[in-house]
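Analysis of the macromolecular model
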Amino acid sequence: MPGPKRVLMWDRLRNWLKTAKSVCPSDEAKEFRLDNLEKEINALESEFSGEDQCIGFCHNDLQYGNIMIDEETKALTIIDYEYASFNPIAFDISNHFCEMAADYHSEEPHILDYTKYPDLDERKRFVQTYLSSSGEEPDAEKIKDLMNNIEKYTLASHLVWGLWGIISEHVNDIDFDYMEYARQRLAQYWLKKPEILSCRVDDE
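Residues numbered from 1 in each chain as written. Predicted model: local features only at pLDDT ≥ 70, side-chain atom pairs only at ≥ 80, totals over all residues. Heavy atoms only, no water.

A closer look at the packing of aromatic side chains
Put simply, the rule is: For Phe, Tyr and Trp, rings pair up if their centres lie within 6.5 Å, where Trp contributes its six-membered ring, and each pair is then called stacked (planes under 30 degrees apart), edge-to-face (over 60) or tilted (otherwise). Numbering goes from the N terminus for both helices and strands, where a helix is a DSSP run of H or I of at least four residues and a strand is a run of E of at least two. To sort residues, take the accessible area from a 1.4 Å probe on protein chains only and compare it with the maximum for the residue type: under 20% means buried, over 50% means exposed, and anything in between is partly exposed.
A full pass over the atoms with the stated rule returns 17 aromatic pairs. With a centroid separation of 6.5 Å and an interplanar angle of 50 degrees, the aromatic rings of Y104 and F176 are classed as tilted. Highlighted residues: Y104 in the loop between α4 (89-99) and α5 (120-132) and F176 in the loop between α6 (140-171) and α7 (178-198), separated in sequence by 72 residues. Take Y104: its relative accessible area is 24%, and that puts it in the partly exposed class. Members of the aromatic cluster, connected to one another through ring pairs, are W16, Y64, Y83, Y104, W161, W164, F176, Y178 and Y181.

See below:
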């Protein structure tokens with residue numbers, strides 16, 4: 001894609017936090033700890049940005065409804081580039097993994113089931129296949145590094161879509177419980193943050 005490969009995610013998070021604060025009444029802002037989130041965003045940016053990571057043109061919303069497959073040819077088509085931008089590829093993959101917790105065609109489409117989050121073996125197969133698509137077989141270190149980065153960027157994914165849910169509750173008329181969705185995403189952020197920032201995928 002043309003243009004400078006500048007990561008957009010952190011600016012988007014800060015802009016969406018500002019918007020969320022402007023539309024939320026004080027009780028909601030307190031419930032979602034919005035006054036703490038700028039510090040969290042800054043800390044994540046500082047923690048992640050210093051690492052050697054691949055920046056690419058990312059979809060940023062790789063949930064299953066945006067991935068089409070031709071049943072005859074098995075060709076994949078990605079649709080809905082509304083949120084696309086340059087970002088770390090680890091963020092795009094982490095967001096795809098997080099979306100595996102969702103079933104938007106259920107009777108309660110806002111409910112997320114994180115037992116469906118891919119386990120270590122499934123994540124490793126995905127990463128190995130992704131890296132092999134270049135035509136070169138990746139070494140174990142490259143696989144491990146990308147897996148570690150993906151797990152860390154799940155935290156950014158939870159913040160992005162948590163803020164999206166808060167804002168959407170106040171600006172959209174679609175029949176979807178955006179607030180409960182936001183609660184689940186931000187609860188996962190606070191739950192997973194200590195574990196993710198202290199852990200690394202081990203060599204096997």
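Okay, back to it.
Notes on α6
Which entries qualify depends on this criterion: The span expected for a helix works out to 1.5 Å for each residue beyond the first.
Between its first and last C-alpha atoms α6 spans 46 Å; for 32 residues at 1.5 Å apiece the expected length is 46 Å, and the two agree. The buried fraction of α6 amounts to 24 of the 32 residues, a majority that puts the element mostly inside the structure.

Examining α5
Put simply, the test is: The arc in question is the one spanned by the directions pointing from the helix axis to the C-beta atoms. Contacts: residue pairs with any heavy atoms within 4.5 Å of one another.
Taking 1.5 Å of rise per residue, the 13 residues of α5 would be expected to cover 18 Å, and the 18 Å separating its terminal C-alpha atoms lies within 8% of that figure. All of the buried residues along α5 are R123, V127 and L131. Along the long axis of α5, the arc covered by the buried residues comes to 60 degrees, so they all point the same way. Exposed residues lying more than 90 degrees from the buried face of α5 are R125 and T129. Residues of α5 that are buried make contact with α4 and α6.

A short note on unusual backbone geometry
Residue R33 is not a glycine yet carries a positive backbone phi of 55 degrees. Positive phi values are uncommon outside glycine, yet K74 reaches one of about 65 degrees. Within the secondary structure layout, K74 lies in the loop between β2 (67-69) and β3 (76-78). A relative accessible area of 56% places K74 in the exposed class.

Description of the confidence of the model for the protein chain
Going by this rule: In predicted models, pLDDT denotes the confidence assigned by the predictor to each residue on a 0 to 100 scale.
The predicted model of the protein chain averages 94 in pLDDT, with 97% of residues at 70 or higher. Within the protein chain, α4 carries the highest mean pLDDT (98), whereas strand β1 (residues 55-58) carries the lowest (94).

Comments concerning the nonpolar core
Rule in force here: Nonpolar cores were defined as sets of buried Ala, Val, Leu, Ile, Met, Phe, Trp, Tyr and Cys residues, with membership established by side-chain atoms within 4.5 Å.
One finds W10, L13, L34, Y153, L159, L163 and I166 to be the most contacted residues of the largest nonpolar core, which totals 47 residues. Elements that contribute at least two residues to this core include exactly α1 (9-23), α3 (34-49), α4, α5, α6 and α7. Looking at which element gives the most residues to this core, the answer is α6, with 13 residues. If sequence neighbours within four positions are ignored, L34 has contacts with L17, A20, K21, C24, A29, L163 and I166.

Topic: the environment of N95
Its place among the elements puts N95 in helix α4. Taking the C-alpha atoms as reference points, N95 and V171, separated by 76 residues in sequence, lie 23 Å from one another. Setting aside residues up to four positions removed in sequence, N95 forms contacts with N60, D61, L62, S157, W161 and R185.

Brief notes about the packing of α4 against α6
The relative placement of two packed helices comes down to the angle between their axes together with the axis-to-axis distance. Inclusion rule: Every axis in this analysis is a line fitted to C-alpha atoms, fitted for helices over the stretch in contact. Angles between the N-to-C directions lie between 0 and 180 degrees. Every angle not falling under 35 degrees, over 145, or within 65 to 115 is termed oblique; those three ranges are roughly parallel, roughly antiparallel and roughly perpendicular. Rotating anticlockwise by less than a right angle from the far helix to the near helix defines a left-handed crossing, while the corresponding clockwise rotation defines a right-handed one. Throughout, the ten residues Ala, Val, Leu, Ile, Met, Phe, Trp, Tyr, Cys and Pro are labelled nonpolar, Asp, Glu, Lys and Arg are labelled charged, and all others, Gly among them, are labelled polar.
Closest axis-to-axis distance for the α4/α6 pair is 7 Å, and the angle between their directions is 70 degrees. Viewed along their axes, α4 and α6 adopt a mutual orientation that is roughly perpendicular. Pair α4 / α6 crosses with right-handed handedness. On the side of α4, the interface is formed by A90, F91, I93, S94, N95, F97 and C98, while α6 contributes L146, N149, I150, Y153, T154, A156, S157, H158, V160 and W161. For the contact of α4 with α6, a count of residues per class yields 11 nonpolar, 6 polar and no charged.

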